[in-house]
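Secondary and tertiary structure notes
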Amino acid sequence: CTCVLLVYLIPMIYEVIVIGAGVEGSATGYYLTSRGTKNVLMLEQFDALHTRGSSHGGSRITRKAYDQPYFVKMMEEAFRLWSEIEQQSGKKLYHKTGILVFGDNNVESYKTSLQANNIPHKIMTGSEANREYNQQLQLPDDYLCIFEEYGGILRATIAVAAMQELFVRNGGQLLDCHKVTGLIPGPVVTIETNKGSFRAKKVIVTVGAWTNKLLETTGLTLPLKIKRTEALYWSTSNPEAFSSSKFPTFIHKKLVGDSVEEFYGLPIHEYPGLLKAGYHSAPEISDPDERDASSCDSATSEIVTEFIQKHFKGVTKKPSIVEICMYTETVSCNCE
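Attention in this report is confined to the structure presented alongside it. (Residues numbered from 1 in each chain as written. Predicted model: local features only at pLDDT ≥ 70, side-chain atom pairs only at ≥ 80, totals over all residues. Heavy atoms only, no water.)

Okay, the overall build of the protein chain next. Along the backbone of the protein chain there are seven helices and 18 strands. For the protein chain, the spread of C-alpha atoms along the three principal axes comes to 100 × 45 × 35 Å. Here the contacts in the protein chain between residues at least 6 apart in sequence split such that 73% fall between residues at least 24 apart. As displayed, the protein chain has an accessible area near 16,500 Å², and 53% of this comes from carbon and sulfur atoms. Considering the protein chain, the positive charge centre built from 34 side chains and the negative charge centre built from 38 side chains are found 5 Å apart. (Helix = DSSP H or I, 4+ residues; strand = E, 2+ residues; numbered from the N terminus. Contact = heavy atoms within 4.5 Å. Areas by Shrake-Rupley, 256 points an atom, 1.4 Å probe, with all protein chains shown as cover. Lys, Arg positive; Asp, Glu negative; His and termini not counted. Charge placed at Lys NZ, Arg CZ, Asp CG, Glu CD.)

Bringing the pattern of salt bridges into the picture now. Within the structure shown, the criterion is met by 18 salt bridges. With its nearest N and O atoms 3.6 Å apart, the salt bridge here joins Glu77 to Arg80. A residue pair is termed a helical-turn pair when its members lie 3 or 4 positions apart in one helix, as Glu77 and Arg80 do in helix H2 (residues 69-89) at three residues. Assessed through its relative accessible area of 44%, Glu77 is described here as partly exposed. Through salt bridges with shared partners, a single network forms among Arg52, Arg291 and Asp292. (Salt bridge = Lys/Arg side-chain N within 4 Å of Asp/Glu carboxyl O. Buried < 20%, exposed > 50% of the residue type's maximum accessible area, 1.4 Å probe, protein only.)

What follows concerns the side chain of Glu270. Note that Glu270 resides in the loop between strand S15 (259-266) and strand S16 (274-279). A polar atom in the side chain of Glu270 sits 2.9 Å from the backbone nitrogen of Gly58. Beyond its immediate stretch of four places on either side in the chain, Glu270 contacts Gly57, Gly58, Ser59, Tyr233, Lys276 and Glu323. (Polar contact = N/O pair within 3.5 Å; in protein donor to acceptor, adjacent residues only side chain to side chain.)

A few words now on the sheet that holds strand S10 (residues 180-184). If you walk across this open sheet you meet the six strands as S9-S2-S1-S12-S11-S10, and the pairing is mixed. Both outer strands of the open sheet, strand S9 (173-175) and S10, are each paired with one neighbouring strand and no more. For this sheet, the mean inter-axis angle between neighbouring strands, taken without regard to orientation, is 40 degrees. As judged from the four bridges shared by strand S1 (residues 13-19) and strand S2 (residues 40-43), these two strands associate in the parallel manner. Of the residues in S2, the one forming a bridge with Val18 is Met42. (Pairing = 2+ DSSP bridges. Axes fitted to C-alpha atoms, helices over the stretch in contact; angles between N-to-C directions.)

Where S1 and strand S12 (residues 196-205) come together, six bridges link them in parallel fashion. Looking across to S12, one finds that Ile17 is bridged to Val203. Sheet topology places strand S11 (residues 189-193) next to S12; five bridges connect them, and they run antiparallel. Within the sheet, the bridge partner assigned to Ile191 lies in S12 and is Phe198. The antiparallel pairing of S11 with S12 creates a hairpin that spans two residues between the two strands.

What follows is the structure, encoded as structure tokens:
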């Protein structure tokens, strides 16, 4: 007689699937695998190091100077963790410049927060800051200025790449260009993508601006706001003075009407000869896939231009480069 052996292929069930491979997803995957979790899959809808979301670019501000004391405590741990990732990956991620926070009385909360956490800082008036940075600043004399020495630059894209590499080194699997099209809840969750289905005991969603589009299939909606912002890069007549070895990252806060106006910026680091600045109060958009639509254009460049011309010396009247980015806010207005 003839025996026929039938073999059924049983789809693999992952312990955890992380959806989204930006900075939060890559960190999630890395720390899961570094703590011993096996069979972890990370899915990314775009290329692994794409520029569509919130985690790309050559520079982001990092600091201990926050106006909320609990953020200062969190940043103490964050600096330690970034140092560990640098050591394990062999990549230089953090560049120390210090940070200068300046503006009206809204800056007082930074001083209170730093003092409560015993973080070293220096307090100056606008006129004193102008003397210290006499080639760069022209602040109003009565401004309150706070310098915090640990502020600096994080190399955003390289940081994401470092965590992805460590994740894979630890045994994780990263699949990019896999767009999730559906989530089917159950004891084992089924994740449908444009390239097939995957199953997992647990799913962690870290897709930022795409959160609610992804959760539509489950009937869930979270109270999130998607902000479209512009990072602008400016030529200066004195690039050496604005280099990252001589000028700090900065934040400006000031009450204008009924709202607090906030700008941020970084010294020359990412592009040769170009100072970076942006406006925190970005316009809201409804669909992250329409980020670059012409209807989303705002007056951000004009607002930042006015700020730059008023507070800095020798900066051109128009930005040389404009880049688009998104971030996601919760109800408390804390950003992802």
